[in-house]
Amino acid sequence: MFLLNIVVINGSKRKGNTYNLIKKIEKYYLSNNKDISFNYINLGEYNISTCLGCEVCIKSDKCPFDTKDDVNKIMNQLNDSDGIILSSPVYLEQVSGLLKTFIDRTCRWFHRPELICKPILIVSTTASSGLKRTTKYLESVAVQWGAVPVGIVKRKVYNYNNAFDSKEKKVLDNFINFNIKNYNPSFYQLTMFQVQRVLANKVIKIDKEFWNEKKWMNKIYYYDRNVPYIKKIYAKLFFKMLNNRIQPVKKS
Ligand SMILES: Cc1cc2nc3c(=O)[nH]c(=O)nc-3n(C[C@H](O)[C@H](O)[C@H](O)COP(=O)(O)O)c2cc1C
């Protein structure tokens, strides 16, 4: 697959270190004649309400803010992309509050994932600490959205301006050349898929309808052709164990 439309989520309120690092990535692709357009979503320029905690989106796909703020618009843009750059500065060892507010509002994608097998590149900058924790969290968000975290580009204050080394160039090339047909999902991805599958099977009615419609209910991953034998066994056993443990929710 050759990526054309890259949607960039800039999780910083400003166009600072994180934004500049992404600009450098864009320049790298353009200088290598890649036919790519970068469409920036600077979250600070959007109206994103804080989640009310009502769980209406989980049970019905609707949200009290549906027509009132910009979250649906952003989610649609992510859905229409060929690949996503998900970025954040490190704030107190984690992602920015701005980005977390947006991520909370995407909760229905944990139950009914829509970014299936889309490649996501994680980008983060920090003065010094917290990169590992922040990027790991962003990878887990990508997985919960049904997407594939294909790599990380990160910087600390002492190397903000460094050119990309060969390892980073490989990550950048893998991102735009990503092909799910050659992809072998991680144990974590397989585990999260089974958790979501059990929730759909036993707990949430609207999830079951969605999962049946997508024909995922009897699969071990969205695209399971390349899953090695040992991982297949693991996924099947994990699903069986969890599915047996979880009791269907009774109507009160
Ligand atoms: C509220 C706040 C919290 C921060 N927390 C950390 C931190 O925990 N560790 C760290 O090394 N740097 C921290 N920093 C520094 C930023 O991570 C760093 O400057 C980053 O590159 C800023 O990205 P930006 O220019 O894209 O906003 C913090 C900065 C701010 C404003």
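Residues numbered from 1 in each chain as written. Predicted model: local features only at pLDDT ≥ 70, side-chain atom pairs only at ≥ 80, totals over all residues. Heavy atoms only, no water.

Remarks on the sheet that holds strand E3 (residues 83–89)
1) Next: Pairing within the open sheet is parallel, and its 5 strands lie in the order E2-E1-E3-E4-E5. Every other strand in the sheet has two partners, leaving strand E2 (37–42) and strand E5 (148–155) as the edge strands with one partner each. Recorded for the sheet is a direction-independent mean angle of 20° between the axes of neighbouring strands.
2) Next: One ladder, built from 6 bridges, connects strand E1 (residues 5–10) with E2; its direction is parallel. Directly across from Val-7, in E2, lies its bridge partner Asn-39.
3) Next: Contacts from helix H3 (residues 71–79) reach E1, E2 and E3 within the one sheet, and its direction differs from that of E1 by about 140°. (Pairing = 2+ DSSP bridges. Helix = DSSP H or I, 4+ residues; strand = E, 2+ residues; numbered from the N terminus. Axes fitted to C-alpha atoms, helices over the stretch in contact; angles between N-to-C directions. Contact = heavy atoms within 4.5 Å.)

Describing the side chain of Lys-231
1) Next: Structurally, the position occupied by Lys-231 is in helix H10 (residues 229–245).
2) Next: With no salt bridge to any partner, buried Lys-231 finds its closest opposite charge in Glu-139, at an N-O distance of 13 Å. (Buried < 20%, exposed > 50% of the residue type's maximum accessible area, 1.4 Å probe, protein only. Lys, Arg positive; Asp, Glu negative; His and termini not counted. Salt bridge = Lys/Arg side-chain N within 4 Å of Asp/Glu carboxyl O.)

Digging into the site of the ligand
1) Next: Taken together, 16 residues form the shell around the ligand, and within it Ser-12, Thr-18, Val-90, Ser-128 and Tyr-160 come nearest.
2) Next: The contact in question runs from an oxygen atom of the ligand to an N or O atom on the side chain of Thr-18, over 2.6 Å.
3) Next: Ser-128 is positioned such that a nitrogen or oxygen atom in its backbone is 2.7 Å from an oxygen atom of the ligand.
4) Next: For the ligand, the accessible surface in isolation is 650 Å², of which the surrounding protein chains cover 74%.
5) Next: A class-by-class count of the residues in the shell around the ligand yields 6 nonpolar, 8 polar and 2 charged. (Near = heavy atom within 4 Å. Polar contact = N/O pair within 3.5 Å; in protein donor to acceptor, adjacent residues only side chain to side chain. Areas by Shrake-Rupley, 256 points an atom, 1.4 Å probe, with all protein chains shown as cover. Nonpolar A, V, L, I, M, F, W, Y, C, P; charged D, E, K, R; others polar.)

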